[in-house]
Amino acid sequence: MAIVNLVTGGAGFIGSHLCERLLERGEQVLCLDNFFTGRKANIEHLLPNPHFELIRHDVIEPILLEVDRIFNLACPASPVHYQYNPVKTVKTNVMGALNMLGLAKRVRARILQASTSEIYGDPKIHPQPESYWGNVNTIGIRSCYDEGKRVTETLFFDYHRQNNVDIRVVRIFNTYGPKMLVNDGRVVSNFIVQALRGEPITIYGDGSQTRSFCYVSDLVEGIIRMMDTDGFTGPVNLGNPGEFTIRELADEVLALTGSKSEIDFRPLPSDDPTRRQPDIRLARERLDWEPKIPLREGLPRTIEYFAKLVKEEG
Ligand code: NAD
Ligand code: UDP
């Protein structure tokens, strides 16, 4: 019998790539989404596949399903979207995790949580290893997401200790690629769309803050390896250690698109982390995983995807 997977947030950016990969492995996929930031277009091509099923549902409500594995990705990931309704973001994280962990306990499913580098906050240790506890503001505009994700990790480990639930926790660092929304609001998609439209490139702050960008296929490979690995709960960092300033990213996008867009410096939002880079020694050791696609290769593929969408806009 093929493995039955539940992917919450399956119509989103990462979730839709994950659904594709699981189907390619010959497994069954129940894709659950409330379409807050997900789109039917991301998974439309999967609908005719008899191994694929789409469920419109909000993870803050309980649901009963017979599944072997749960990938819990439901949660808006872009600051613009998770700050739109911060109370809902906390609910999605906490109640979503409680509902999915309850389901995993009931049907004895293995469950993976899509956690985040944001649990390290504005890190005082660089690069960030899993052993670092983080530097997080509890009351700022990013807290709904950061603290939501932190308490979700706590819930995962408490369900593991208290109820023996078979958990996996991955901490995802900035990931990009095709299927991101044009209005996603995160830096890679913003810069590419702005460059393609000839609009100003909006750099928040002076652009000296850093991020490390992972191409989506590399990330999905890491997620799947983690789910397949026995006897290892994590948390484990998944990300590309290549670190760039936001200014460097803007210059790279301008060079690759040949755009004449100007740079527009805007105020830096509060609590914006100054630097971020994953220490991936644990993932190398336990999952034999490391990213294969550098920014130089991933950006052109992403530009190609957005170029089609921008062209369709006319
Ligand atoms: P995304 O916004 O594209 O996808 C999130 C999906 O979850 C969307 O399809 C959305 O409609 C769905 N969703 C949101 N709230 C829901 C709810 N209450 N019930 C059901 N579905 C809901 O974001 P993404 O980049 O694909 O991120 C996926 C997961 O990975 C998220 O949990 C995010 O926190 C995590 N993550 C992503 C990154 C990244 O760089 N992309 C980094 C760290 C962590
Ligand atoms: N950023 C920027 N211009 C934009 C969008 C984002 O300069 O149009 C900056 C943002 O301030 C942050 C970095 O790029 O320092 C990454 O932002 P993103 O929203 O992609 O992710 P996160 O801050 O959650 O890592």
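Note: the structure precedes this text.
This write-up is about the structure you can find in this document.

Along the backbone of the chain there are ten helices and 13 strands. With the C-alpha coordinates aligned to their principal axes, the bounding extent of the chain is approximately 55 × 45 × 40 Å. Here the chain, with 314 residues, has 56% of them falling under the buried criterion. Partitioning the intrachain contacts of the chain with sequence separation of at least 6 by distance along the chain shows that 81% fall at a separation of at least 24. Counting only carbon and sulfur atoms, one obtains 51% of the accessible surface of the chain, whose full area is about 13,900 Å².

Here the focus is the nonpolar core. In this structure, Leu18, Phe71 and Ile223 are the most contacted members of the largest nonpolar core, which totals 59 residues. Beyond its immediate chain neighbours, meaning those up to four positions away, Leu18 contacts Val7, Phe71, Leu73, Val220, Ile223 and Ile224. Counting 26 residues, the second largest nonpolar core, distinct from the first, contains Val4, Leu101, Ala109 and Val169.

What follows is about the sheet that holds strand β4 (residues 69-72). Backbone hydrogen bonds hold the strands of a sheet together, and the pairing may be parallel or antiparallel. The strand order across the open sheet formed by seven strands is β3-β2-β1-β4-β5-β6-β11, and the pairing between neighbours is parallel. Both edges of this open sheet fall to β3 (52-56) and β11 (236-238), since each of them pairs with a single strand only. Averaged over all pairs of adjacent strands, the angle between strand axes in this sheet comes to 20°, irrespective of strand direction. On the sheet, helix α1 (residues 13-24) packs against β1 (4-8), β2 (28-33), β3 and β4 and is oriented at approximately 170° with respect to β1. Helix α7 (residues 216-228) contacts β4, β5 (110-116), β6 (167-172) and β11 of the sheet and is inclined by roughly 160° relative to β6.

Packing of helix α4 (residues 86-107) against helix α5 (residues 143-163) leaves a shortest axis separation of 9 Å and a crossing angle of 15°. In terms of orientation, α4 lies roughly parallel with respect to α5. α4 and α5 meet at a crossing whose hand is right-handed. Residues Pro86, Thr89, Val90, Asn93, Val94, Ala97, Leu98, Leu101, Gly102 and Lys105 of α4 form the contact with α5, whose own contacting residues are Cys144, Tyr145, Gly148, Lys149, Val151, Thr152, Leu155, Phe156, Tyr159 and Asn163.

Time to look at the site of ligand 2. In the neighbourhood of ligand 2, 17 residues make up the surrounding shell, with Thr202, Tyr204, Arg211, Asp272 and Arg276 lying closest. With respect to ligand 2, the side chain of Asn190 contributes an N or O atom lying 2.8 Å from an oxygen atom. At 2.5 Å from an oxygen atom of ligand 2 is found a side-chain nitrogen or oxygen belonging to Asp272. A total of 520 Å² of accessible area belongs to ligand 2 in isolation, and the protein chains cover 96% of it. For the shell around ligand 2, the secondary-structure elements that each account for two or more residues are α6 (187-197) and β8 (201-204). Tallied by class, the residues present in the shell around ligand 2 amount to six nonpolar, five polar and six charged.

Take the pattern of salt bridges next. Counting across every chain of the model gives 26 salt bridges. Where Arg69 meets Asp228, a salt bridge forms, and the shortest distance between an N and an O atom there is 2.8 Å. Separated by 159 residues along the polypeptide, Arg69 in strand β4 and Asp228 in helix α7 bring together distant segments of the chain. One salt bridge connects Glu147 with Arg150, and the closest N-O pair in it is separated by 3.7 Å. With Glu147 and Arg150 both in helix α5, this residue pair falls three residues apart, about one helical turn. Ionic contacts of the salt-bridge type, sharing partners, join the residues Glu118, Arg142, Arg211, Asp272 and Arg276 into one network.

Burial analysis of β1 places five of its five residues in the buried class, the great majority of the element. Going residue by residue along β1, you find Val4, Leu6 and Thr8 tucked away on one face and Asn5 and Val7 tucked away on the opposite face as well. Here β1 pairs with β2 via five bridges, running parallel. Opposite Thr8, over in β2, you have Leu32 as the bridge partner. A crossover links β1 with its parallel partner β2, the connecting element being α1, and its sense is right-handed. For β1 and β4, the ladder comprises four bridges, and the chain directions are parallel.

The next point concerns α1. The end-to-end C-alpha distance of α1 is 17 Å, a good match for the 16 Å that twelve residues give at a rise of 1.5 Å each. If you check which residues of α1 are buried, you get Phe13, Ile14, Gly15, Ser16, His17, Leu18, Cys19, Leu22 and Leu23. Gly26 lies just past α1 and shows a positive phi near 85°.

With that out of the way, let us pick up the site of ligand 1. Around ligand 1, the surrounding shell holds 29 residues, and the nearest of these are Ile14, Asp33, Thr37, Tyr145 and Thr175. One of the backbone N or O atoms of Val59 is found 3.0 Å from a nitrogen atom in ligand 1. Within the backbone of Thr175, an N or O atom sits 2.7 Å from an oxygen atom of ligand 1. Expressed as a share of its isolated accessible area of 810 Å², the protein-covered part of ligand 1 is 97%. Elements with a contribution of two residues or more to the shell around ligand 1: α1, β5 and α5. Ranked by residues supplied to the shell around ligand 1, first place goes to β5 with three residues. Counted by class, the shell around ligand 1 contains 14 nonpolar, eleven polar and four charged residues.

What counts and how
Residues numbered from 1 in each chain as written. Chains lettered and ligands numbered in written order. Predicted model: local features only at pLDDT ≥ 70, side-chain atom pairs only at ≥ 80, totals over all residues. Heavy atoms only, no water. Helix = DSSP H or I, 4+ residues; strand = E, 2+ residues; numbered from the N terminus. Buried < 20%, exposed > 50% of the residue type's maximum accessible area, 1.4 Å probe, protein only. Contact = heavy atoms within 4.5 Å. Areas by Shrake-Rupley, 256 points an atom, 1.4 Å probe, with all protein chains shown as cover. Core = buried A, V, L, I, M, F, W, Y, C linked by side-chain atoms within 4.5 Å. Pairing = 2+ DSSP bridges. Axes fitted to C-alpha atoms, helices over the stretch in contact; angles between N-to-C directions. Parallel < 35°, antiparallel > 145°, perpendicular 65-115°, else oblique. Left-handed = near helix turned anticlockwise from the far one by under 90°. Near = heavy atom within 4 Å. Polar contact = N/O pair within 3.5 Å; in protein donor to acceptor, adjacent residues only side chain to side chain. Nonpolar A, V, L, I, M, F, W, Y, C, P; charged D, E, K, R; others polar. Salt bridge = Lys/Arg side-chain N within 4 Å of Asp/Glu carboxyl O. Right-handed = clockwise from strand over helix to strand, strands pointing away. Expected span 1.5 Å × (residues − 1).

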